[in-house]
Amino acid sequence: MVIAFCNGKGGAGKTTLSVLLGCALADAGRRVGLVDRDPQRTATRWMQHNQPVGFELAVDGVDYGAVIIDTPPRLESPEVQRSLAEADKVVLVSSPSPADLWTSQDTVQVIRQHHPKQKAALLFNQVQKQTLLARDLDPLAERIGLPALRHSVSRRQSYQHAMLLGWKALDAGAREEILQVALEIITF
Ligand SMILES: Nc1ncnc2c1ncn2[C@@H]1O[C@H](COP(=O)(O)OP(=O)(O)OP(=O)(O)O)[C@@H](O)[C@H]1O
Ligand SMILES: [Mg+2]
């Protein structure tokens, strides 16, 4: 199963969630490969630095339980186009802030125009659980025309620490949150 994380907007959390969800799937027993299509190579450097168990930079010819593609923020780039074409599932990562969602709509259009049959879902990231926006995520998703995953990812400092220290920087609650999202992505 090939899963691409995308959004034409920079800073949505594509790389953070690519590596954390890969770790979660590896923790759940799958062998996971990462394809880093962003020329900035943040995910590659993260993998080299952290060397997570069961999760590696994807090598041709290996039969992975899941392959994750991290994409750059430029929708028109050949890297994004190629990633969308190869993916079985596309996960559009966006904050629930209306301003961010409007820009995410461009990404939905690209997916729908070029890959009308593609399985795609919206993953809300950086959700602040006590806020009004967090209470009503479904109508926000409806506005941009993609189904939202039931689970979302909250804004936590530990996810930023994890970019430095890896999966072990997460407490049990954060790991559980990421694992729930990972399992939903596998099954939607
Ligand atoms: N759930 C979260 N909680 C807290 N911080 C987060 C969360 N998700 C992402 N961030 C932070 O937001 C910033 C952008 O994240 P990230 O680099 O993953 O985005 P990106 O979509 O890959 O960006 P780019 O388009 O530039 O590649 C980083 O500083 C990251 O630590
Ligand atoms: Mg990135």
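See the structure shown above.
All values reported here derive from a predicted model rather than from experimental measurement.

> Tell me about the sheet that holds strand E6 (residues 119-124), and please be specific about residues and values.
The strand order E3-E2-E4-E1-E5-E6 describes an open sheet built from 6 strands, whose pairing is parallel. Edge positions in the sheet fall to strand E3 (55-57) and E6, since each has one partner strand and no second. Going from strand to strand, the sheet's axes swing by 25° on average, the running direction of each strand aside. Taken together, the 4 bridges between strand E1 (residues 2-6) and strand E4 (residues 66-70) define a ladder with parallel strand orientation. Within E4, the position partnered with Phe5 by the bridge is Asp70. Strands E1, strand E2 (32-36), E3, E4, strand E5 (89-94) and E6 of the sheet are contacted by helix H1 (residues 14-27), whose axis makes an angle of about 170° with E4. Contacting E1, E4 and E5, helix H3 (residues 78-86) crosses the sheet at an angle of about 145° to E1.

> Can you tell me about the site of ligand 1, naming the residues and giving the values?
Not every one of the 17 residues close to ligand 1 is listed here, only the nearest: Gly11, Lys14, Thr15, Thr16 and Asn125. Between ligand 1 and the protein, one listed contact pairs an oxygen atom with a backbone N or O atom of Gly11 at 2.9 Å. Relative to its free-state accessible area of 630 Å², ligand 1 is covered by the protein chains to the extent of 79%. Taken together, the elements giving at least two residues each to the shell around ligand 1 come down to H1 and helix H7 (157-165). No other element matches the 3 residues that H1 contributes to the shell around ligand 1. Residues belonging to the shell around ligand 1 are distributed by class as follows: 4 nonpolar, 9 polar and 4 charged.

> Describe in detail the pairing of E1, supporting the description with residues and values.
Every other side chain in a regular strand lies on the same face of the sheet, so the side chains alternate between the two faces. Counting buried positions along E1 gives 4 out of 5 residues, so the element sits mostly inside the fold. Pairing geometry for E1 and E5, over 4 bridges, is parallel. Bridge pairing in E5 places Ala4 opposite Val90.

> For the pattern of salt bridges, give the residues involved together with the corresponding values.
In the structure shown here, the tally under the stated rule is 8 salt bridges. The residue Asp171 makes a salt bridge to Arg156 at a minimum N-O spacing of 4.0 Å. Here the residue Asp171 occupies a position in the loop between H7 and helix H8 (172-187), and Arg156 occupies one in the loop between helix H6 (137-144) and H7, the gap between them amounting to 15 residues. Through salt bridges with shared partners, one network takes in Lys129, Arg156, Asp171 and Glu177.

So, how was this worked out
- Residues numbered from 1 in each chain as written.
- Chains lettered and ligands numbered in written order.
- Predicted model: local features only at pLDDT ≥ 70, side-chain atom pairs only at ≥ 80, totals over all residues.
- Heavy atoms only, no water.
- Pairing = 2+ DSSP bridges.
- Helix = DSSP H or I, 4+ residues; strand = E, 2+ residues; numbered from the N terminus.
- Axes fitted to C-alpha atoms, helices over the stretch in contact; angles between N-to-C directions.
- Contact = heavy atoms within 4.5 Å.
- Near = heavy atom within 4 Å.
- Polar contact = N/O pair within 3.5 Å; in protein donor to acceptor, adjacent residues only side chain to side chain.
- Areas by Shrake-Rupley, 256 points an atom, 1.4 Å probe, with all protein chains shown as cover.
- Nonpolar A, V, L, I, M, F, W, Y, C, P; charged D, E, K, R; others polar.
- Buried < 20%, exposed > 50% of the residue type's maximum accessible area, 1.4 Å probe, protein only.
- Salt bridge = Lys/Arg side-chain N within 4 Å of Asp/Glu carboxyl O.

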